[in-house]
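Geometric and topological summary
For reference, the chains in residue letters:
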Amino acid sequence: MIFARTTSPEETKELAAALAELARPGDLMLLAGDLGAGKTAFTQGFGAALGIDDLITSPTFTLVNTYEGRLELNHLDVYRLEALGEVLDLGVAEMLDDGGVTVIEWGDSVAPVLPADYLEIRFSFDEVAISLDQTGAADDVRVLELVPVGARWSARIRAVATAVSPWIHEPDGDD
Ligand SMILES: Nc1ncnc2c1ncn2[C@@H]1O[C@H](COP(=O)(O)OP(=O)(O)O)[C@@H](O)[C@H]1O
Ligand SMILES: [Mg+2]
């Protein structure tokens, strides 16, 4: 697993753009983390790097938005799903077969019904920094944990580490 740290929404978008360079048809990425953690910001940077000009917003009510870029991007937000089976009704399997890239916000919650072949990115706030910092700067820090599940992303994990190297940050590191 890889830990990264960003200090602004722009940096999260840049990290996402770097990862988008590695994207292949059929890829699945699950974004985990609380409201405001940066899942949509990430998707915006990811989509921009795929050549998508549209404004990417959380598809909270529509559940799925599809955008045309260098690769098609299927953007899902399953926060409102009440039953696991509902994600299957959205046609995720078909999306993956269609040659696009699929990004699912709150995707960790539906992982049991998805193919076990994805990159999970867990977003969190840096609670320790926030508690120590009086200036408010720590509010814009996000920790991203990148976890490959299955062969598709495990085989690419070195490339992932290289892509996000400007932001790599081991939680117990010195700096
Ligand atoms: N390092 C950062 N990465 C991403 N977003 C950040 C960061 N610092 C501050 N923010 C702010 O946090 C919020 C993230 O919102 P959003 O991406 O919609 O989160 P989510 O989709 O996880 O609910 C935005 O208001 C963004 O400006
Ligand atoms: Mg969101």
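None of the values given here were measured: they were computed from a predicted structure. (Residues numbered from 1 in each chain as written. Chains lettered and ligands numbered in written order. Predicted model: local features only at pLDDT ≥ 70, side-chain atom pairs only at ≥ 80, totals over all residues. Heavy atoms only, no water.)

Concerning the overall build of the protein
Looking only at helices and strands, the protein features 7 helices and 7 strands. When the helices and strands of the protein are listed from N to C terminus, the series reads β-α-β-α-β-β-α-α-β-β-α-β-α-α. Taken over the C-alpha trace, the protein has a radius of gyration of 16 Å; the compact-globule value for 175 residues is 16 Å, and the two agree within 12%. If one aligns the C-alpha atoms of the protein with their principal axes, the spans along those axes are about 45 × 35 × 30 Å. Of all 175 residues assigned to the protein, the portion counted as buried reaches 48%. The protein carries 11 positive and 31 negative side-chain charges, and their two centres are separated by 4 Å. (Helix = DSSP H or I, 4+ residues; strand = E, 2+ residues; numbered from the N terminus. Rg over C-alpha atoms; globule rule 2.2 N^0.38 Å. Buried < 20%, exposed > 50% of the residue type's maximum accessible area, 1.4 Å probe, protein only. Lys, Arg positive; Asp, Glu negative; His and termini not counted. Charge placed at Lys NZ, Arg CZ, Asp CG, Glu CD.)

Focus on the site of ligand 1
Taken together, 16 residues are adjacent to ligand 1, and Thr12, Gly36, Lys39, Thr40 and Ala41 come closest. Contacts to ligand 1 include Thr40, whose side-chain N or O atom sits 2.8 Å from an oxygen atom. One nitrogen or oxygen atom from the side chain of Glu105 is found 3.1 Å from an oxygen atom belonging to ligand 1. Protein chains shield 74% of the accessible area of ligand 1, which is 570 Å² for the free molecule. Across the shell around ligand 1, the residue classes break down as 4 nonpolar, 7 polar and 5 charged. (Near = heavy atom within 4 Å. Polar contact = N/O pair within 3.5 Å; in protein donor to acceptor, adjacent residues only side chain to side chain. Areas by Shrake-Rupley, 256 points an atom, 1.4 Å probe, with all protein chains shown as cover. Nonpolar A, V, L, I, M, F, W, Y, C, P; charged D, E, K, R; others polar.)

Remarks on the packing of helix α1 (residues 9-20) against helix α2 (residues 39-49)
At a minimum axis distance of 7 Å, the contact between α1 and α2 shows a crossing angle of 45 degrees. In terms of their interaxial angle, α1 and α2 are classed as oblique. In this structure, the crossing between α1 and α2 has a hand that is right-handed. Each of Thr12, Lys13, Leu15, Ala16, Ala17, Leu19 and Ala20 in α1 lies in contact with α2, whose residues at this interface are Ala41, Phe42, Gln44, Gly45, Phe46 and Ala49. (Axes fitted to C-alpha atoms, helices over the stretch in contact; angles between N-to-C directions. Parallel < 35°, antiparallel > 145°, perpendicular 65-115°, else oblique. Left-handed = near helix turned anticlockwise from the far one by under 90°. Contact = heavy atoms within 4.5 Å.)

Thoughts on the pattern of salt bridges
Scanning the model with the defined rule gives 4 salt bridges in all. As a salt-bridge pair, Arg156 and Asp27 come within 2.9 Å of each other at their nearest N and O atoms. Here Arg156, found in the loop between α6 (151-154) and α7 (157-163), pairs with Asp27, found in the loop between α1 and β2 (28-32); they are 129 residues apart in sequence, far enough to count as distant. Residue Asp27 is classed as buried on the basis of its relative accessible area of 0%. (Salt bridge = Lys/Arg side-chain N within 4 Å of Asp/Glu carboxyl O.)

Regarding the coordination of the magnesium ion (ligand 2)
Ideal geometry at a metal gives 109.5 degrees between four tetrahedral donors and either 90 or 180 degrees between six octahedral ones. In the first shell of the magnesium ion (ligand 2), the protein supplies Thr40 (OG1), Ser58 (OG) and Glu105 (OE), at 2.1 to 2.5 Å from the metal. Residue Thr40 is classed as buried on the basis of its relative accessible area of 18%. (Donors = N, O, S within 2.8 Å, 3.2 Å for Na, K, Ca; no water.)

A short note on the side chain of Asn74
Position of Asn74 relative to the elements: it lies in strand β4 (residues 73-77). Under the relative-accessibility criterion, Asn74 is labelled buried at 2%. A polar atom in the side chain of Asn74 sits 3.2 Å from the side chain of Thr102. Apart from the residues within four sequence positions on either side, Asn74 is in contact with Asn65, Thr66, Met95, Val101, Thr102 and Val103.

Focus on the side chain of Asp126
If you trace the backbone, Asp126 turns up in the loop between β6 (118-125) and α5 (127-132). Among buried charged residues, Asp126 stands out as having no salt bridge; its nearest opposite-charge side chain is Arg5, 4.1 Å away. At a separation of 3.1 Å, a polar atom in the side chain of Asp126 contacts the main-chain amide nitrogen of Ala129.

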